[in-house]
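# Chains, contacts and geometry: an overview
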Amino acid sequence: MEIIPVDAHITAIDHNLLGIPGIGVTYVVRGDTVALIETGTSLTVPHTLAGLEQLGIRPEEVEHILCTHIHMDHAGGAGYLAAALPRAHVYINSSVSKHLVDPSKLLPSVRRAVGEEAWPLHGDIKPIPAERLLPAENLRLDLGRDVVLEAIATPGHSPDHLSYRDHKSGGLFIGDAAGLAMDRWHLALPVTPVPTYDLEAHRATIARIRSYHFPRIYITHYGPHDDVDYELNRAQEKLEELVALVDAAIADGDPDVNALAARWLPYPDDSPGALVARCWSQMSVAGLIRYETKRRQSL
Ligand SMILES: [Zn+2]
């Protein structure tokens, strides 16, 4: 676990996602009350709780847990966090909140999406009592001391994806809405996963985020970035590169997911980031192949 100072009212806790530092954070936003943004998985929750303790935040002070979307590394830890933080409500798009009350349908789908190698690193989900869940899609949350968080719909990576604008800094908690940028491992990619990835929505979301001219984005994977245009351009370029690769492979017939992923995101195998590079690029290639195949069938 590692504490990363971000802004006067924002701190990031590196919760060792997938067992590797530099991959995932939970953001801590402080006004008169405390909100967490992103939960990590059930396996990262002990690190997040240790981070809160190190920051001197008592469990009762945390009143809000905001998830950008239903994927395991963003909402998987919500149940365990809610159990440890007795006054907190969990906010997520109401279209998917049923999966946090009863995860029995979500978990097999996640297993198929992330693959057998990464699946054990994603933990489980502790069901959340329905009364502790609140809809996030129209959220405007006043934490006091001029700290206001507001939801913005940013679909594409997943249909339920929301980002949260922080009015005090002007920045955006962007989740996986554009691209990821794990600078410690020299890894930057958009993630386009099965089963619900939507390319057109993703392109529109990147354009919409661009139009706001945010001074800063707080990326879940990983950390605050002030070079917003650079990051958005990089995500868009890498996305279009993947689209071209997948298009050509489909035209040739029988696209090979692993080979395409290795071409799209070549990465040294002896780096600790290799697992992330391999799993997330394979997931992206598979998601885009599925999207393009379905799109072609519907023409
Ligand atoms: Zn995701």
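Right, let's walk through the structure included here. (Residues numbered from 1 in each chain as written. Predicted model: local features only at pLDDT ≥ 70, side-chain atom pairs only at ≥ 80, totals over all residues. Heavy atoms only, no water.)

### Observations concerning the overall build of the protein
The helix and strand inventory of the protein stands at nine helices and 15 strands. Its C-alpha atoms give the protein a radius of gyration of 18 Å, within 12% of the compact-globule value 19 Å for 299 residues. Over its C-alpha atoms, taken along the principal directions, the protein stretches across nearly 60 × 40 × 40 Å. Taken across its 299 residues, the protein has 57% of its residues classed as buried. Taking all contacts inside the protein whose residues are at least 6 apart in sequence as the whole, residues at least 24 apart take part in 69%. For the protein, the exposed surface amounts to about 12,200 Å²; the carbon and sulfur share of it is 53%. Of the side-chain charges in the protein, 26 are positive and 39 negative, and the distance between the mean point of each set is 4 Å. (Helix = DSSP H or I, 4+ residues; strand = E, 2+ residues; numbered from the N terminus. Rg over C-alpha atoms; globule rule 2.2 N^0.38 Å. Buried < 20%, exposed > 50% of the residue type's maximum accessible area, 1.4 Å probe, protein only. Contact = heavy atoms within 4.5 Å. Areas by Shrake-Rupley, 256 points an atom, 1.4 Å probe, with all protein chains shown as cover. Lys, Arg positive; Asp, Glu negative; His and termini not counted. Charge placed at Lys NZ, Arg CZ, Asp CG, Glu CD.)

### Focus: the pattern of salt bridges
If you walk through the whole model with that rule in mind, you get 19 salt bridges. Between arginine 111 and glutamate 116 there is a salt bridge; the shortest N-O distance is 3.0 Å. On the basis of relative accessible area, arginine 111 is assigned to the partly exposed category, the value being 38%. Residue classification places glutamate 116 among the exposed residues on the basis of a relative accessible area of 52%. One salt bridge in this structure joins glutamate 292 and arginine 295, with 2.8 Å as the shortest N-O distance. (Salt bridge = Lys/Arg side-chain N within 4 Å of Asp/Glu carboxyl O.)

### Re the coordination of the zinc ion
Donor atoms from the polypeptide that coordinate the zinc ion comprise His69 (NE2), His71 (ND1), His157 (NE2) and Asp176 (OD), at 2.1 to 2.5 Å from the metal. Angles of 86 to 176° at the metal separate the four donor atoms of the zinc ion, which places the site in the irregular class. Counting the intervening residues between successive donors of the zinc ion yields the motif H-x1-H-x85-H-x18-D. With histidine 69 in the loop between β5 (62-66) and α2 (72-75) and histidine 157 in the loop between β9 (147-153) and β10 (162-166), the pair connects residues that are 88 residues apart, well separated along the chain. As far as burial versus exposure is concerned, histidine 69 and histidine 157 are alike and both buried. (Donors = N, O, S within 2.8 Å, 3.2 Å for Na, K, Ca; no water. Tetrahedral: all angles 85-135°; square planar, octahedral: opposite > 155°, others 65-115°.)

### A short note on the packing of helix α8 (residues 257-264) against helix α9 (residues 274-298)
Axis separation between α8 and α9 bottoms out at 8 Å; the angle between their running directions is 115°. Crossing of α8 against α9: the hand is right-handed. Residues Val257, Asn258, Leu260, Ala261 and Trp264 of α8 form the contact with α9, whose participating residues are Ser281, Gln282, Ser284, Val285, Ala286 and Ile289. Of the residues belonging to the contact of α8 with α9, the class tally is seven nonpolar, four polar and no charged. (Axes fitted to C-alpha atoms, helices over the stretch in contact; angles between N-to-C directions. Left-handed = near helix turned anticlockwise from the far one by under 90°. Nonpolar A, V, L, I, M, F, W, Y, C, P; charged D, E, K, R; others polar.)

### Remarks on the packing of aromatic side chains
Where two aromatic rings form a pair, the distance of their centres and the angle of their planes describe that pair. By the definition in use, this model includes five aromatic pairs. Considering the side-chain rings of tyrosine 197 and tyrosine 291, the 6.1 Å spacing of their centres and the 70° angle between planes classify their relative orientation as edge-to-face. Of the two residues, tyrosine 197 is situated in the loop between β13 (187-189) and α6 (199-212) and tyrosine 291 in helix α9; the sequence distance between them amounts to 94 residues. Accessibility expressed as a relative area gives 5% for tyrosine 197, which makes it buried. Cluster of aromatic residues (ring-pair linked, three or more members): Tyr27, Phe173 and Tyr218. (Phe/Tyr/Trp six-rings, centres within 6.5 Å; stacked < 30°, edge-to-face > 60°.)

### Notes on the environment of threonine 196
Within the secondary structure layout, threonine 196 lies in the loop between β13 and α6. Along the primary structure threonine 196 and tyrosine 291 are separated by 95 residues, whereas in three dimensions their C-alpha atoms are 8.0 Å apart. Beyond its immediate stretch of four places on either side in the chain, threonine 196 contacts Gly156, Ser158 and Pro159.

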